[in-house]
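Breakdown of the fold
Listed below are the residues making up each chain.
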Amino acid sequence: MKKIGIILLCALMCTSAGCGKSSGRAKTPVLPPKVEPFTVEEGVFDVDAVRSNININGQHFDLPQILSELEDGWSYKLYNRKDYDLEQGSGLAKLFYNGKEMGTASLENCYSGEEDKSIIYSVSVRNGESDIYGVVPGTSTIEDVEKLLGKPEEVDKMNEPYKLAYIYGNLNGSDEMGVVRGHSLVVDFDTEGVADFVS
């Protein structure tokens, strides 16, 4: 079940980041300033509001951020690129807070030997103690998500154990360095119509 979520995350990365199009070594990234959490009116998707409201097991988490600049208590373990057919430039990492696993991070600017320069541009959670902009795995229903964010730009039908994937925002797009900034939110619903995986 966990591997299915990771595979979905890899597919999203390939769609949004252009797997196989990396060009060289890690660059020293320059990220936009962090913003204080804010919300917008109900029924409206705003990627900046979403990125400002990520809570993983009670810990606020900012996006994007550089892997080596995680706050105190946070650590990570890189996935093996070969296990997920990821090219140089892209990666995945398990995130931990004080030793407890919290979720999975999608990485760009991720090159062997220079992983500390990787940029976390997306996190995925499936734990009911976490939420991304109020979407809580195991609790939020399709109706809850539509009330909060409106109708999605895209709906993908999926095989069990999932039913649907709601995709909000832009899956394509990058900054001047070619780094995808996480312009989207994806919510996978189980066969009961309850959010299971939020990224």
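Just so we're clear, the structure is a prediction, and the values are computed from it rather than from any experiment.

A closer look at helix α3 (residues 142-149)
An α-helix turns once per 3.6 residues; consequently, residues spaced three or four apart project the same way. Along α3, the positions that sit buried rather than exposed are Ile142, Val145 and Leu149. For α3, the arc enclosing every buried residue in end-on projection is 65°, short of the 170-degree limit, so these residues lie on one face. For α3, exposure combined with an orientation more than 90 degrees from the buried face picks out Glu143 and Lys147. Contacts from the buried residues of α3 go to β10 (162-169) and β11 (184-190). One or two residues past the end of α3 sits Gly150, with phi positive at roughly 85°.

A short note on the packing of aromatic side chains
Summed over all chains, the structure comprises 6 aromatic pairs. The rings of Phe45, Tyr166, Tyr168 and Phe189 are connected pair by pair, giving a single aromatic cluster.

Thoughts on the sheet that holds strand β5 (residues 89-97)
Spatial ordering of the open sheet is given by β3-β7-β6-β5-β4, a layout of 5 strands whose pairing is antiparallel. Each having just a single partner strand, β3 (65-66) and β4 (74-78) make up the two edges of the open sheet. Of the strand pairs in this sheet, β4 and β5 are connected by 5 bridges, and their pairing is antiparallel. Paired with Trp74 across the strands is Tyr97, a residue of β5.

Describing the side chain of Ser199
For Ser199, the location among the structural elements is in the segment after β12 (195-198). You can call Ser199 buried: its relative accessible area is 8%. Side-chain polar atoms of Ser199 contact the side chain of Ser124, separated by 2.9 Å.

Details of unusual backbone geometry
Of the consecutive residues Leu63 and Pro64, the connecting peptide bond is found in the cis state with omega at -15°. Mapped onto the elements, Pro64 comes out in the loop between β2 (59-60) and β3. In this model, Asn57 sits at a positive phi of 50°, which is unusual for a non-glycine residue. Its place among the elements puts Asn57 in the loop between β1 (54-56) and β2.

Thoughts on the nonpolar core
Within the largest apolar cluster, 34 residues are counted, with the highest numbers of intra-cluster contacts made by Phe61, Ile120, Val123 and Leu185. Here this core gets 4 residues from one element, more than from any other, and that element is strand β6 (residues 100-110). When residues no more than four places from it in sequence are discounted, the contact partners of Phe61 are Arg51, Ile54, Ile56, Leu70, Trp74, Leu95, Ile120 and Val123. Core analysis: the second largest hydrophobic core is formed by 6 residues, Met158, Ile167, Val186 and Phe197 among them.

Topic: the side chain of Ser130
Inspection of the secondary structure assignment puts Ser130 in the loop between β7 (119-124) and β8 (131-132). The class of Ser130 is buried, set by a relative accessible area of 1%. Among the polar contacts listed, one links the side chain of Ser130 to the backbone nitrogen of Asn57, at a separation of 3.0 Å. With residues up to four places along the chain from it excluded, the contact list for Ser130 reads Asn55, Ile56, Asn57, Val125, Val135, Val136 and Pro137.

What counts, and at which threshold
- Residues numbered from 1 in each chain as written.
- Predicted model: local features only at pLDDT ≥ 70, side-chain atom pairs only at ≥ 80, totals over all residues.
- Heavy atoms only, no water.
- Buried < 20%, exposed > 50% of the residue type's maximum accessible area, 1.4 Å probe, protein only.
- Helix = DSSP H or I, 4+ residues; strand = E, 2+ residues; numbered from the N terminus.
- Arc of directions from axis to C-beta.
- Contact = heavy atoms within 4.5 Å.
- Phe/Tyr/Trp six-rings, centres within 6.5 Å; stacked < 30°, edge-to-face > 60°.
- Pairing = 2+ DSSP bridges.
- Polar contact = N/O pair within 3.5 Å; in protein donor to acceptor, adjacent residues only side chain to side chain.
- Core = buried A, V, L, I, M, F, W, Y, C linked by side-chain atoms within 4.5 Å.

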